[in-house]
Amino acid sequence: MDRIKTSAALGIFDGVHTGHRAVIANAAKHRIDGAEPCVFTFSPDTALFKGADGFIYGECEKNQIIGKSCGVEKIYSESFADICSLDGESFVKEILCGKLNVAYVSCGRDFRFGKGASCGAEELAQFGRKYGFETETADDVCVSGERVSSTLIRRLVKDGEMEKAAEYLGEPYAIFKKVTHGAQLGRTIGYPTANQVFEKGQLVPRFGVYASKVYIDGKCFSAMTNVGIKPTVDYDGMPLAETYIDGFNGDIYEKNIHTALIRIIRPEMKFSSLGELKNQIAEDIRCAVKLI
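Going along each chain's sequence as written, the residues are numbered from 1 onward. The model is predicted, so local features are restricted to residues of pLDDT at least 70 and side-chain atom pairs to those at 80 or more, both for listing and for counting; the totals for chains, interfaces and linings are taken over all residues. Note: side-chain values were computed over all heavy atoms of the structure, leaving out hydrogens and water.

> Could you clarify how one ought to interpret the side chain of His17 in this entry?
Secondary structure elements follow DSSP: runs of H or I no shorter than four residues count as helices, runs of E no shorter than two count as strands, and numbering proceeds from the N terminus. Position of His17 among the secondary structure elements: in the loop between strand E1 (6–10) and helix H1 (18–29). When a residue's accessible area, from a 1.4 Å probe over protein chains only, is under 20% of the maximum for its type it is buried; when over 50% it is exposed; and in between it is partly exposed. Under the relative-accessibility criterion, His17 is labelled buried at 5%. The contact criterion used throughout is that any non-hydrogen atoms of two residues lie within 4.5 Å. The contacts of His17, once residues within four sequence positions are left out, are Val148, Ser149, Ser150, Ile153, Tyr168 and Leu169.

> Please clarify how the nonpolar core should be interpreted in this entry.
We define the nonpolar core as a collection of buried residues of types Ala, Val, Leu, Ile, Met, Phe, Trp, Tyr and Cys that are connected through side-chain atoms lying within 4.5 Å of one another. With 37 residues, the main nonpolar core has Ile24 and Tyr173 as its most contacted residues. Elements supplying a minimum of two residues to this core: H1, helix H2 (59–69), helix H6 (150–158), helix H7 (162–169), strand E8 (174–178) and strand E13 (256–267). Apart from residues no more than four positions distant in its own chain, Tyr173 is found in contact with Ile56, Tyr57, Val157, Met162, Phe198, Gln202, Leu203, Pro205, Thr259, Ala260 and Leu261.

> Any chance you could explain the pairing of strand E9 (residues 194–197) here in plain terms?
Along any regular strand, the residues point their side chains to alternate faces of the sheet. Side chains of E9 alternate between two faces, with Ala194 and Gln196 and Asn195 and Val197 buried alike. Relative to strand E12 (residues 240–245), E9 runs antiparallel, the two being bridged by 4 bridges. By the bridge assignment, Gln196 is partnered in E12 with Ala241. Paired strands, in this sense, are two strands between which DSSP finds at least two bridges.

> Teacher, can you tell me more about the sheet that holds E8 here?
Hydrogen bonds along the backbone pair up the strands of a sheet, which may run parallel or antiparallel. Spatially, E8-E13-E10-E11-E12-E9 is the arrangement adopted by the 6 strands of the open sheet, whose pairing is antiparallel. With one partner strand each, in any of the chains shown, E8 and E9 form the two edges of the open sheet. On average, each strand axis in the sheet is tilted by 35° relative to the strand beside it, whichever way the strands run. Bridge count between strand E10 (residues 208–216) and strand E11 (residues 219–228): 9 bridges; the pairing is antiparallel. Residue pairing across strands places Gly208 opposite Val227, the latter belonging to E11. Its contacts with the sheet put H2 on E8 and E13, and the angle it makes with E8 is roughly 120°. Of the strands in this sheet, E10 and E13 touch H7, which is tilted by about 135° from E13. The axes used here are C-alpha line fits, helices contributing only the stretch in contact, and every angle between their N-to-C directions lies in the interval 0 to 180 degrees.

> In this structure, what is going on with the packing of helix H4 (residues 88–99) against helix H5 (residues 121–131)? I would like to understand it.
Between two packed helices, both the angle of their axes relative to each other and the distance between the axes serve to describe the pair. The geometry of H4 relative to H5 is characterised by a closest axis approach of 11 Å and an angle of 55° between their N-to-C directions. One element, H4, and the other, H5, form an angle in the oblique class. Regarding H4 and H5, the two cross each other, and that crossing is right-handed. Contacts from Gly88, Glu89, Val92, Lys93, Leu96 and Cys97 of H4 reach H5 at Leu124, Phe127, Lys130 and Tyr131. Each residue gets one label: Ala, Val, Leu, Ile, Met, Phe, Trp, Tyr, Cys and Pro are nonpolar, Asp, Glu, Lys and Arg are charged, and the others, such as Gly, are polar. Of the residues that constitute the contact of H4 with H5, the class distribution is 6 nonpolar, 1 polar and 3 charged. Between 65 and 115 degrees an angle is taken as roughly perpendicular, under 35 as roughly parallel, over 145 as roughly antiparallel, and anywhere else as oblique. Each crossing gets its handedness from the near helix: less than a right angle anticlockwise from the far helix is left-handed, clockwise is right-handed.

> Quick question: what am I supposed to make of the packing of aromatic side chains here?
For any pair of aromatic rings, the description rests on two quantities: the centre-to-centre distance and the angle between the ring planes. Working definition: a ring pair exists when centres of Phe, Tyr or Trp rings (six-membered ring for Trp) sit within 6.5 Å. Plane angles under 30 degrees give stacked, over 60 give edge-to-face, the rest tilted. Tallied over the full model, the rule gives 10 aromatic pairs. Ring geometry for Phe91 versus Phe113: centroids 5.6 Å apart, planes at 40°, classification tilted. Of this pair, Phe91 sits in helix H4 while Phe113 is found in the loop between strand E4 (102–108) and H5, placing the two residues 22 residues apart along the sequence. According to the relative accessible area criterion, Phe91 is buried, its value standing at 3%. A residue is classified by how much of its surface remains accessible, and Phe113, at 4% relative accessible area, is buried. Taken together, the aromatic side chains of Phe40, Phe42, Phe80, Phe91, Phe111, Phe113 and Phe127 make up a single cluster linked through ring pairs. Positioned over the ring face of Tyr215 is Lys68, at 5.7 Å from the centre of the ring. The rule for a charge over a ring is simple: NZ of Lys or CZ of Arg within 6 Å of the ring centre, and within 35 degrees of the ring normal.

> So what exactly am I meant to see when it comes to the side chain of His20 here?
The topology assignment puts His20 in helix H1. A polar side-chain atom of His20 sits 3.4 Å from the main-chain amide nitrogen of Val16. Excluding residues that lie within four positions of it along the chain, His20 makes contacts with Phe13, Asp14, Gly15 and Ser150. Under the rule applied, a polar contact is a pair of N or O atoms within 3.5 Å (in protein, one hydrogen donor and one hydrogen acceptor; residues adjacent in sequence only if both atoms are side-chain atoms).

Quick look at the structure:
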């Protein structure tokens, strides 16, 4: 039986922003000879981000966005260390032709492959002609006259500019992570929160309080999210998002939920008493719900 051909989008796709989505959309629409759309990417924690502040989304988050927002369910996510030693032609023969059986390949203008990033879109087209697959290089995507890039989005997220970041991402910046147990301080003062811990090496948004939306089992809830470091719980020094979900009181421990950060309300603050903290939380929730 003949192997199924694929129509592959290539890239790290850190953030799955609007530029990345253009690359993936090309692969999704080119079903040459019944080719199955797929994405070939790298695990974010193994890819090299020289000079970057960390990866925007972890592997689980990235894969969810590709599946949900881009409509491509077949994703090949490899460790960069397992691929980086291959020269350009070996990558094409072993991965694109051997593993993926490509009929069509899509990439961005800055896509690099092969040992030492020695090859780009031009070389990919040359290999395509040699090995019998079609190639296409997606044009850059611009928003408000500015080229969309992961570097730009990292800066916006780091600065807490979530509304601007959403324009470049194509949807609000979100946290897709499991709800973990904490010290349950919020519960003792009447404001239980869902804790989601960021991964090592991941870019963390500006510390502060955000108006947010939480999606649980297909339902959307207005929420307030605090991003920062919780000193009373040991998370190996990793920051976390603590979210109070307005109107929700179910058990979601160990469940993956989708928390979208919409707009920052205020920067991180220190409080002299639990009473002062409780009053500020109440005000933050009122502000967040009103904004949402």
